[in-house]
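Close look at the chain arrangement
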Amino acid sequence: MEAQASALRLGGLLLRLLIGALFVAHLYWKLTVLPGGVEAWWGNLVKAGYPPFVPAYVLSAEVAGALLMIPGVLSRYVALYAVPMMIGAAQFWLVRKGFYFTNAGAELPLVWLALLGIQVVIGDGAYALVRSPDWRSLAGRLGVTTAAT
């Protein structure tokens with residue numbers, strides 16, 4: 001049983017490092033590789049009909065993911081915070097390009113969404129600097145009863 005728990009913590013760590021590294025790479029692309037940088041990206045979203053709070057939220061979720069996931073600072077909640085962004089990204093590309101990744105579609109954002117969802121479920125993983133509160137303890141503080149596991 002302890003070996004299984006240890007493997008789960010290691011898996012959470014590896015997933016957290018992967019997600020954090022992907023956020024770092026995506027921000028690097030947005031800041032240095034994309035012609036026009038963040039301003040062009042922001043303008044394209046607004047031009048596509050999104051209100052200005054959408055790119056602000058997306059940028060905040062990406063920065064939180066890049067800065068907090070790798071060291072393990074409330075990783076479960078950072079992942080949960082990024083979930084709506086990935087739902088929106090999947091919808092954005094599905095409508096414009098379809099499903100398949102080979103056509104720049106929604107397939108990749110859906111993979112990101114799955115990774116974030118798995119991180120939310122399994123938690124912070126090993127070596128997290130600031131652990132996310134356990135769901136059961138949080139529910140107890142809110143007065144919600146949970147089934148015994």
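In short, a report on the structure. These numbers were taken from a predicted model, which means no experiment stands behind them. (Residues numbered from 1 in each chain as written. Predicted model: local features only at pLDDT ≥ 70, side-chain atom pairs only at ≥ 80, totals over all residues. Heavy atoms only, no water.)

1. Structural notes on the overall build of the protein chain
What counts is decided by this rule: The numbering of helices and of strands both runs from the N terminus, where a helix is a DSSP run of H or I of at least 4 residues and a strand a run of E of at least 2. The cut-offs for exposure are 20% and 50% of the maximum accessible area for each residue type, with area from a 1.4 Å probe on protein chains only; residues under the lower value are buried, those over the upper are exposed, and the others partly exposed.
What the protein chain contains, in helices and strands, is 6 helices and 0 strands. Seen in sequence order, the protein chain has helices and strands lined up from the N terminus as α-α-α-α-α-α. Across its three principal directions, the C-alpha atoms of the protein chain cover 50 × 30 × 25 Å. Looking at the protein chain as a whole, 34% of its 149 residues are labelled buried.

2. A few points about a nonpolar patch on the surface
Definition in use: Note that patches include only residues with greater than 30% relative accessible area and no salt bridge, and the join distances are 9 Å for like charges and 5 Å for nonpolar side chains (Val, Leu, Ile, Met, Phe, Trp, Tyr). Every accessible area reported is derived by Shrake-Rupley at a probe size of 1.4 Å, with residue values counting cover from the shown protein chains alone. Salt bridge, as used here: a side-chain nitrogen of Lys or Arg that lies within 4 Å of a carboxyl oxygen of Asp or Glu.
Among the surface-exposed residues, L10, L14, L17, V24 and I70 lie close enough to one another that they form a single nonpolar patch of about 400 Å² accessible area. Summarising the element assignment, L17 is placed in helix α1 (residues 2-33).

3. Notes on the packing of α1 against helix α5 (residues 107-122)
So the rule is basically this: Axes here refer to lines fitted to C-alpha atoms; in helices the fit is confined to the stretch in contact. Angles between the N-to-C directions go from 0 to 180 degrees. An angle below 35 degrees is treated as roughly parallel, one above 145 as roughly antiparallel, one from 65 to 115 as roughly perpendicular, and anything else as oblique. Each crossing gets its hand from how the near helix is turned against the far one by less than a right angle, where anticlockwise is left-handed and clockwise is right-handed. Residue contacts are defined here by distance: any two heavy atoms, one from each residue, within 4.5 Å place the two residues in contact. Classification used: nonpolar for Ala, Val, Leu, Ile, Met, Phe, Trp, Tyr, Cys and Pro, charged for Asp, Glu, Lys and Arg, polar for all others including Gly.
Between α1 and α5, the shortest axis-to-axis distance is 10 Å and the interhelical angle comes to 140°. Relative to α5, the element α1 lies oblique. Considering the relative orientation of α1 and α5, their crossing is left-handed. Between α1 and α5, the contacting residues are L8, G11, G12, L15, R16, L18, I19, L22 and F23 on the first element and W112, L115, L116, I118, Q119 and I122 on the second. Within the contact of α1 with α5, the residues separate by chemical class into 11 nonpolar, 3 polar and 1 charged.

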